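# Coordinate analysis (summary)
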Amino acid sequence: MDKATYETTKYIKGPMHQSLRHDSAHKHVAGSAEYIDDIPEPSGLLHGALGMADRAHAEILSIDLSAVKSHPGVVCVLTADDITGVNDVSSGGRHDEPLIATDKIEFHGQTIFAVIAETRDAARKAARLAKVEYRDLPFWTDIDGALDNGSPLVTPGMTLKRGTPETELDKATHRIQSSMRIGGQEHFYLESHIALAIPGEDDDVTVWSSTQHPSEIQHIVGHVLDIPSNAITVNTRRMGGGFGGKETQGNQFAALAALAAKKLKRAVKFRPDRDEDMGVTGKRHDFKMDFDVAFDDDGKIHAIEANFAARCGYSSDLSGPVTDRALFHADSSYFYPHVKLTSQPLKTHTVSNTAYRGFGGPQGMLGAERVIEEIAYALGKDPLEVRKANFYGEKGSGRDVTPYHQQVEDNIIMKVVEELETSCDYQARRQAIIDFNKTSPVIKKGIALTPVKFGISFTMTAFNQAGALVHIYQDGSIHLNHGGTEMGQGLYTKVAQVVADCFQVDVDTVKITATTTAKVPNTSATAASSGSDLNGMAALDAARQIKERLVAFAAEKYGVPASEVEFLPNRVRVGDQIFTFGDFVKQAYFGRVQLSAAGFYKTPKIHWDRAAGRGTPFYYYAYGAACTEVSIDTLTGEYLMERTDILHDVGKSLNPVIDIGQIEGGFVQGMGWLTTEELWWDGKGRLRTHAPSTYKIPLASDRPKIFNTRLVPWSENAEPTIGRSKAVGEPPFMLAISVLEALSMAVASVADYRVCPRLDAPATPERVLMAVERLKRA
């Protein structure tokens with residue numbers, strides 16, 4: 001190799017820890033990224049639409065579908081009688097979520113039949129022509145209604161307990177009993193749910209689904225059609241957003257498409273419009289937290305009891321693990337000497353709520369921050385002072401055990417918070433805001449600095465596993481497949497960087513291929529922030545296997561020790577000889593070396609006993625802190641995000657620029673949850689916030705005017721994760737709690753900070769205005 005060639009190959013493009021753009025970024029911008037609705041339509045494609053109930057809770061007395069069937073273009077109308085297997089698409093195995101309702105309706109919009117037609121327009125028009133006779137039943141759509149009517153739980157609740165709070169609550173100097181309401185949230189992914197099913201010979205069916213969990217789609221389709229999983233192939237190249245909304249909610253669309261495709265022996269596509277998608281798919285759970293806390297003059301918590309009641313909808317879906325995780329994070333970053341936490345997953349006559357970024361963690365953490373805020377206002381202290389007084393201590397300090405009895409071994413929250421406090425000049429700015437509020441009669445400002453400590457792993461231990469498949473072809477190009485799905489978060493790019501780094505080749509050498517159940521079986525959902533952790537390690541395992549074979553081959557062929565075989569940027573050194581990577585691989589092929597491997601990874605150390613409420617459900621914690629400054633108009637309740645400073649811990653980042661994008665996006669989405677995004681059902685049980693006209697997500701113009709985001713520069717995961725990185729999907733979402741706390745301070749200034757404003761979420765302008773008026777009277 002000549003010197004000029006050597007100089008150009010001193011480094012590879014896209015190793016681990018290097019900023020690299022998203023592999024599809026240019027396609028997103030140009031509109032050339034292919035989503036399911038962009039796939040060329042198969043010959044004879046049919047389209048499906050849902051026939052939806054217009055009652056919240058009722059018995060079905062009769063259904064007349066004659067007008068539906070006779071509508072021009074209609075090919076078939078599916079009812080429960082057409083289901084060849086089990087009429088159930090529930091994810092938790094409780095068999096409480098029928099694909100097509102038969103005798104009872106449990107939420108407004110529930111599917112009672114499906115129309116298959118030559119065009120999507122014909123299917124949708126026909127679906128509205130059914131004549132259904134109902135007998136109405138009592139219903140409730142919110143937590144209060146569920147509690148007042150003695151609603152059953154959709155799944156058993158959980159209790160976490162340590163110490164003896166029942167006796168210790170009386171022993172501290174101060175005690176507060178209060179409550180908080182925490183709203184839900186619509187996922188509002190840009191690509192709605194969609195499924196395309198293509199029938200094959202025998203039992204075979206191929207399903208293209210916009211899903212975070214291809215293996216679950218495969219499992220559900222198999223049960224509904226009564227065919228084995230080996231007959232079903234599920235493909236997902238990319239989603240136009242997911243955020244948890246495509247973990248289980250795609251089940252019904254994929255199952256209906258596959259059912260119709262096999263029945264009619266033609267390809268079938270289901271693509272609901274935005275109104276239908278929002279009406280029939282689950283949301284973030286809203287909560288009502290009631291708490292009783294005892295604390296001393298310094299604001300240090302001595303004992304606490306809290307109950308988290310959740311609106312879960314009509315079926316269990318993922319409400320069990322979601323409400324569990326709310327309890328896991330009801331400590332936020334704080335040590336509770338005596339604690340009891342309970343959950344109530346309540347049944348309501350609304351669509352079944354589901355996974356959403358943070359998976360219950362944001363609701364639990366927000367509840368903890370309300371407790372801190374109540375204490376601060378009761379004692380006349382800066383909430384940050386109270387936060388720091390209650391932080392977990394170092395390992396072995398006696399203040400390092402969670403309510404679920406896991407020891408916090410990697411605590412860096414105090415260092416992160418104090419570093420941000422200094423870098424954003426929090427103390428001086430807070431004093432300046434207090435001075436400003438004294439002289440400004442209408443505009444009031446607020447500032448808050450809040451922490452994040454988020455546990456990483458699925459709390460269902462079995463889900464913490466992943467597989468990957470790596471091929472190297474004779475020309476040195478690499479084919480990568482794994483069980484993770486791409487929803488815009490950059491997972492494919494990160495895992496490709498892992499493989500490129502292992503072989504020391506440019507990342508362009510690695511072909512990223514669609515997630516498919518035909519290559520990697522039994523995958524877990526891309527959720528719980530663990531996509532990179534799990535799939536990156538599985539891909540590395542596969543790459544290492546091939547690499548070891550290549551080293552052994554070269555050592556034997558050239559008679560050198562294995563230590564003399566070195567992978568350099570885009571080439572391989574064997575003794576004193578250097579080959580390009582492609583030439584070396586071709587030699588290995590002719591030497592009959594296996595150039596393919598299946599990798600596997602399972603997360604170590606974790607275990608969980610739900611009944612006992614103790615264990616080690618999390619492999620490690622991700623930390624962060626955000627400081628937000630706001631201003632409010634006390635005459636209208638309107639507000640502006642003036643500035644946000646973020647310092648977030650991602651360990652040793654696999655891709656800093658993608659991680660910063662995740663942090664900023666998560667913050668803005670969390671800001672929407674806590675400010676403008678409000679779900680509302682009317683007196684007939686109808687979701688009225690079902691479109692962009694009535695449901696307000698944040699725009700680019702709503703982001704903070706000054707937005708500073710930094711990664712913790714000194715952090716490196718103490719656990720041997722992929723590249724010593726940390727998860728970044730969900731933890732940043734909770735940085736937005738600083739927004740609600742800052743709004744709260746601005747409102748509190750109206751009463752000279754003597755009264756806790758008790759702002760419920762979302763803090764819409766109307767809610768802020770009502771809080772201002774309430775505090776004026778106080």
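Before any of the text, the structure's been laid out above.
We now turn to the structure provided with this report. Predicted, not measured: the structure shown is a model, and the values here were computed from it.

### Some details on the overall build of the protein chain
Each helix and strand in the protein chain was counted, giving 20 helices and 29 strands. In summary, the protein chain has a C-alpha radius of gyration of 28 Å against a globular reference of 28 Å for 778 residues, a match within 12%. Principal-axis analysis of the C-alpha atoms places the extent of the protein chain at approximately 85 × 75 × 50 Å. By the burial criterion, 62% of the 778 residues in the protein chain qualify as buried. Summarising the internal contacts of the protein chain: among those between residues at least 6 apart in sequence, 80% fall at separations of at least 24. By element, 50% of the accessible surface of the protein chain is carried by carbon and sulfur atoms, the whole surface being about 28600 Å².

### What to know about the sheet that holds strand 24 (residues 596-602)
Paired through their backbone hydrogen bonds, the strands of a sheet run either parallel or antiparallel. Spatial strand order, 19-18-17-24: four strands in an open sheet with mixed pairing. Bordering the open sheet on either side are strand 19 (510-512) and strand 24, each of which pairs with just one other strand. Each strand of the sheet is rotated relative to its neighbour by a mean of 25 degrees, with strand direction disregarded. Bridging between strand 18 (residues 478-482) and strand 19 involves three bridges; their strand directions are parallel. When the bridges of strand 19 are listed, leucine 480 appears paired with isoleucine 512. Relative to strand 18, helix 15 (residues 491-503) is tilted by about 135 degrees, and along the sheet it contacts strand 17 (465-472), strand 18 and strand 19.

### Some remarks on helix 15
With 13 residues, helix 15 should reach 18 Å at 1.5 Å per residue; the first-to-last C-alpha distance of 19 Å fits that figure. Among the 13 residues that make up helix 15, 12 are buried, leaving the element largely enclosed by the rest of the structure. Of the positions making up helix 15, those classed as buried are Leu491, Tyr492, Thr493, Lys494, Val495, Ala496, Gln497, Val498, Val499, Ala500, Cys502 and Phe503. Looking at the residues trailing helix 15, positive phi occurs at glutamine 504, about 60 degrees.

### What about the sheet that holds strand 20 (residues 515-516)?
Spatially, the eight strands line up as an open sheet ordered 3-5-1-12-9-10-11-20, and their pairing is mixed. The open sheet has two edge strands with one neighbour each: strand 3 (74-78) and strand 20. Alignment of strand 9 (residues 195-199) against strand 10 (residues 205-209), held across five bridges, turns out to be antiparallel. Bridge pairing in strand 10 places alanine 197 opposite valine 207. Strands in contact with helix 8 (residues 251-264) are strand 1 (46-52), strand 3, strand 5 (111-117), strand 9, strand 10 and strand 12 (268-270); relative to strand 9, the strand with the most contacts, it is inclined by about 25 degrees.

### Focus: the state of the cysteines
What is meant by a disulfide is a covalent connection between two cysteines, made through their sulfur atoms. Following the criterion strictly, the structure yields zero disulfides and no others. For the unlinked cysteine cysteine 424, the closest cysteine sulfur is that of cysteine 627, found at 3.7 Å.

### Quick notes on the packing of helix 16 (residues 531-558) against helix 17 (residues 581-590)
Between helix 16 and helix 17, the shortest axis-to-axis distance is 10 Å and the interhelical angle comes to 80 degrees. With respect to helix 17, the element helix 16 is oriented roughly perpendicular. Here Leu550, Phe553, Ala554, Lys557 and Tyr558 of helix 16 lie close against helix 17, whose contacting residues are Phe584, Gln587 and Ala588. The class makeup of the residues in the contact of helix 16 with helix 17 is six nonpolar, one polar and one charged.

### Things to note about the pairing of strand 10
Here strand 10 shows one buried face, formed by Val205, Val207 and Ser209, and one open face, formed by Thr206 and Trp208. What sits between strand 9 and strand 10 in their antiparallel hairpin is a turn of five residues, with aspartate 202 showing a positive phi close to 55 degrees. Here strand 10 runs beside strand 11 (residues 232-236); their pairing, made up of four bridges, is parallel. Of the residues in strand 11, the one forming a bridge with valine 207 is valine 234.

### A few points about a negative patch on the surface
Where like charges cluster on the molecular surface, the negative patch consists of Glu201, Asp202, Asp203, Asp204 and Asp226. Considering the arrangement of structural elements, one finds aspartate 203 in the loop between strand 9 and strand 10.

### Let's talk about the packing of aromatic side chains
Counted by the stated rule, this structure contains 21 aromatic pairs. Each ring, one from phenylalanine 328 and one from tyrosine 404, has its centre 5.0 Å from the other, and the planes form 80 degrees; the classification is edge-to-face. Of this pair, phenylalanine 328 sits in helix 10 (residues 319-328) while tyrosine 404 sits in the loop between helix 12 (383-390) and helix 13 (413-423), and the two are 76 residues apart along the sequence. The exposure classification of phenylalanine 328 matches that of tyrosine 404, with both residues buried. Pairing phenylalanine 553 with phenylalanine 584 gives two aromatic rings, centres 6.3 Å apart and planes at 55 degrees, and the pair type is tilted. Pair noted here: phenylalanine 553 is in helix 16 and phenylalanine 584 is in helix 17, with a separation of 31 residues, a long-range link.

### Side note on the packing of helix 11 (residues 361-379) against helix 12
With their axes 9 Å apart at the nearest point, helix 11 and helix 12 run at an angle of 120 degrees to one another. In terms of orientation, helix 11 and helix 12 fall into the oblique class. Regarding helix 11 and helix 12, the two cross each other, and that crossing is right-handed. Between helix 11 and helix 12, the contacting residues are Glu369, Ile372, Ile375 and Ala376 on the first element and Pro383, Val386, Arg387 and Asn390 on the second. Along the lines of polarity and charge, the residues of the contact of helix 11 with helix 12 split into five nonpolar, one polar and two charged.

### Re unusual backbone geometry
The peptide bond linking alanine 761 to proline 762 adopts the cis configuration, its omega dihedral lying at 0 degrees. Tracing the sequence through the fold places proline 762 in the loop between helix 19 (737-748) and helix 20 (765-777). A positive phi angle is found at asparagine 570, which is not glycine, with a value near 60 degrees. Turning to its location among the elements, asparagine 570 is positioned in the loop between strand 21 (565-568) and strand 22 (571-574). For asparagine 570, a relative accessible area of 22% gives the class partly exposed.

What counts and how
- Residues numbered from 1 in each chain as written.
- Predicted model: local features only at pLDDT ≥ 70, side-chain atom pairs only at ≥ 80, totals over all residues.
- Heavy atoms only, no water.
- Helix = DSSP H or I, 4+ residues; strand = E, 2+ residues; numbered from the N terminus.
- Rg over C-alpha atoms; globule rule 2.2 N^0.38 Å.
- Buried < 20%, exposed > 50% of the residue type's maximum accessible area, 1.4 Å probe, protein only.
- Contact = heavy atoms within 4.5 Å.
- Areas by Shrake-Rupley, 256 points an atom, 1.4 Å probe, with all protein chains shown as cover.
- Pairing = 2+ DSSP bridges.
- Axes fitted to C-alpha atoms, helices over the stretch in contact; angles between N-to-C directions.
- Expected span 1.5 Å × (residues − 1).
- Disulfide = S-S within 2.5 Å.
- Parallel < 35°, antiparallel > 145°, perpendicular 65-115°, else oblique.
- Nonpolar A, V, L, I, M, F, W, Y, C, P; charged D, E, K, R; others polar.
- Patch = residues over 30% accessible without salt bridge, like charges linked within 9 Å, V, L, I, M, F, W, Y side chains within 5 Å.
- Salt bridge = Lys/Arg side-chain N within 4 Å of Asp/Glu carboxyl O.
- Lys, Arg positive; Asp, Glu negative; His and termini not counted.
- Charge placed at Lys NZ, Arg CZ, Asp CG, Glu CD.
- Phe/Tyr/Trp six-rings, centres within 6.5 Å; stacked < 30°, edge-to-face > 60°.
- Left-handed = near helix turned anticlockwise from the far one by under 90°.

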